[in-house]
Amino acid sequence: MDWKKLKIEVLTWLETLRVNENPYRYKLSASTDDSAFTSCFALFIYDLFGETSNFSDEKKKGWAIHLNSFQNPDYGYYEPRPYHHFDHERNRYQLTCFCLSALAILGEKPRYEFKFMEQYGDPESIEKYLYERGCDEGRASSGNKAMFLAIFLTHLYETTGEQKYKNLIDVWFNFHERYVNSSGFWGQERSCHSYHGIQNGLHQFVIYWYWGRKLHHHEAIIDVALSLQSRDGFFSPTPGGEACHDYDVVHTLVTLSNETRYKRDMILKALLKAQKANLENQRPDGGFCQSVKQLNRYGDIIKNVPFIFSSFDHFQCYYRLRRAISIVKYNQQRINTGWTGNDRGWSESSLWDTWFRSLIIGEVQVLTNNEKSPFVSFLPMNFHNHIGLGHFLLN
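Here goes a summary of the coordinates provided. (Residues numbered from 1 in each chain as written. Predicted model: local features only at pLDDT ≥ 70, side-chain atom pairs only at ≥ 80, totals over all residues. Heavy atoms only, no water.)

1. Describing the pattern of salt bridges
- Overall, the coordinates contain 20 salt bridges when judged by the stated rule.
- The partner of Glu89 in a salt bridge is Arg133, with the nearest N and O atoms 2.8 Å apart. Taken together, the residues span a long stretch of sequence, with Glu89 in helix H4 (residues 88-106) and Arg133 in the loop between helix H5 (123-132) and helix H6 (142-160) at a distance of 44 residues. Taken individually, Glu89 and Arg133 each receive the classification buried, so the pair is uniform in this respect.
- Between Glu162 and Lys164 there is a salt bridge, with its nearest N and O atoms 3.7 Å apart.
- We classify Lys164 as partly exposed; its relative accessible area is 44%.
- Among the charged side chains, a salt-bridge network with shared partners connects Glu89, Lys128, Glu132 and Arg133. (Salt bridge = Lys/Arg side-chain N within 4 Å of Asp/Glu carboxyl O. Helix = DSSP H or I, 4+ residues; strand = E, 2+ residues; numbered from the N terminus. Buried < 20%, exposed > 50% of the residue type's maximum accessible area, 1.4 Å probe, protein only.)

Pasting the structure below:
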């Protein structure tokens, strides 16, 4: 595969999502609308493929003005207009994290102070936040919320240099050290040692790796990650992959393989297989989708019985079957994330899926050192230096 051709296809598709020729507004997908989230995702793709190095100072300033227009002047967090997620805290904290990464790419800063962080100014408030959101028990979305808080504390420490923020980050780490389970994730339910554990835990891993902290149970994490790969090469509980699930496992395996030699040959083999599978989700328009294998009716579940029951782990089979039934039973034909007013299709190219699947391409290429690469003339990609999703640094 020609790498330059792939890059041109992705960037050409990206231009089709621009709203009214506005250089800072992009739709999530062809059938959805735009938001502050989607502006960030578009910028992340441009940066990943090296295009932001060609931005003029004026263009960077324009991007920053657009993104900073979403910052609440009284509290300092960034707010979507309007909210599309029932959990408003998650929505605004997630957007704030994305905007911090975007502004770092542009060499810009938020306009206002993070006054909302005054409520998290002592060890007790840090632990209260983590307990109330179920970070000790691996509750759904708790990994995201733990990550948000750590990103904000890191931002404050790096911009002010005040030791109190570093001390609060240590409180965050100490909390997670107390509750890590035997598989290296958080929570004691069976799912917290399998699919949910790694997808939820990846968000805490991002903080550990940024700060150079060692994870517990390296080998157990790797064992779980490798066990999740299906015969088609993906790591999701649904056939054809899911961008989040696939990225979470790939990023984990790539990073841990740099810290240990445990099952390194198996990891490389799995990642090369995943790379090939990942490319199958590029659509004819040039972007990438969640999955080309969409489950629409119960007959589709029957067709995918070989996939569902291909694991030697009975719980994985159960989890896959339950996920498939849920998609069909509740007519989840479109994906609701709370980023836009309407939802994207499973097999529809989107900014989010294109960003994550492009990250997979770049990270696997770095680890394999371009050996057995499906690409001709592969060029290095720009990964985030700023803490958060998309940050990647392999020594």
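2. Topic: helix H9 (residues 218-227)
- Of all the residues in H9, the buried ones are His218, Ile221, Ile222, Val224, Ala225 and Leu226.
- In this structure, the buried residues of H9 make contact with helix H8 (195-210), helix H10 (243-256) and helix H11 (264-279). (Contact = heavy atoms within 4.5 Å.)

3. Considerations on the layout of surface pockets
- Taken as a whole, the largest pocket holds about 1400 Å³ of empty space.
- At the level of secondary structure, the elements contributing two or more residues to the lining of the largest pocket comprise H4, H6, H8, H10, helix H14 (314-329), strand S1 (334-335) and helix H15 (351-368).
- The dominant element in the lining of the largest pocket, judged by the number of residues it contributes, is H8, at 5 residues.
- Here the residues of the lining of the largest pocket sort into 13 nonpolar, 16 polar and 9 charged. (1 Å grid on protein atoms, 1.4 Å probe; cavity = no way out; pocket = protein on both sides within 12 Å on 5 of 7 lines; lining within 4 Å. Points joined across faces, edges and corners; volume = space filled by probe spheres on them. Nonpolar A, V, L, I, M, F, W, Y, C, P; charged D, E, K, R; others polar.)

4. With respect to a nonpolar patch on the surface
- Residues Ile302, Val305 and Phe309 make up a contiguous nonpolar surface patch of roughly 300 Å² in combined accessible area.
- Within the fold, Ile302 resides in helix H12 (residues 298-303). (Patch = residues over 30% accessible without salt bridge, like charges linked within 9 Å, V, L, I, M, F, W, Y side chains within 5 Å. Areas by Shrake-Rupley, 256 points an atom, 1.4 Å probe, with all protein chains shown as cover.)

5. A few points about the nonpolar core
- By size, the foremost hydrophobic cluster in this structure holds 111 residues, and its most contacted members are Phe41, Phe152, Leu351 and Trp355.
- Residues within four places of Trp355 in sequence aside, it is in contact with Phe44, Ile45, Leu48, Phe98, His384, Leu389 and Gly390.
- Membership of the second largest hydrophobic core comes to 9 residues, among which are Phe307, Ile327, Ile335 and Trp346. (Core = buried A, V, L, I, M, F, W, Y, C linked by side-chain atoms within 4.5 Å.)

6. Some remarks on the environment of Arg322
- Its location among the elements puts Arg322 in helix H14.
- When its relative accessible area of 42% is taken as the criterion, Arg322 is described as partly exposed.
- As a C-alpha pair, Arg322 and Pro237 span 85 residues in sequence and 9.2 Å in three-dimensional space.

7. Quick word on unusual backbone geometry
- Residues Arg81 and Pro82 are joined by a peptide bond in cis, for which omega reads -5 degrees.
- Here Pro82 shows up in the loop between helix H3 (57-68) and H4.
- Positive phi values are uncommon outside glycine, yet His217 reaches one of about 60 degrees.
- The topology assignment puts His217 in the loop between H8 and H9.
- In the Ramachandran plot, Asn331 falls in the positive-phi region, its phi being about 55 degrees despite a non-glycine side chain.

8. Quick look at empty space enclosed by the protein
- In total, this model carries 2 cavities of 30 Å³ or more according to the counting rule given.
- For the largest cavity, the calculated volume is near 40 Å³.
- The wall of the largest cavity is formed by Cys97, Phe98, Ser101, Met147, Ile151, Gly388 and Leu389.
- At the level of elements, H4 and H6 are the ones that each hand at least two residues to the lining of the largest cavity.
- Per element, the largest residue contribution to the lining of the largest cavity is 3 residues, and it comes from H4.
- In this structure, the second largest cavity occupies an estimated 40 Å³ of space.

9. Some thoughts on the side chain of Ser358
- By secondary structure assignment, the location of Ser358 is in helix H15.
- Among the residues examined, Ser358 registers a relative accessible area of 1% and is labelled buried.
- The contacts of Ser358, once residues within four sequence positions are left out, are Leu48, Phe49, Phe288 and Met381.

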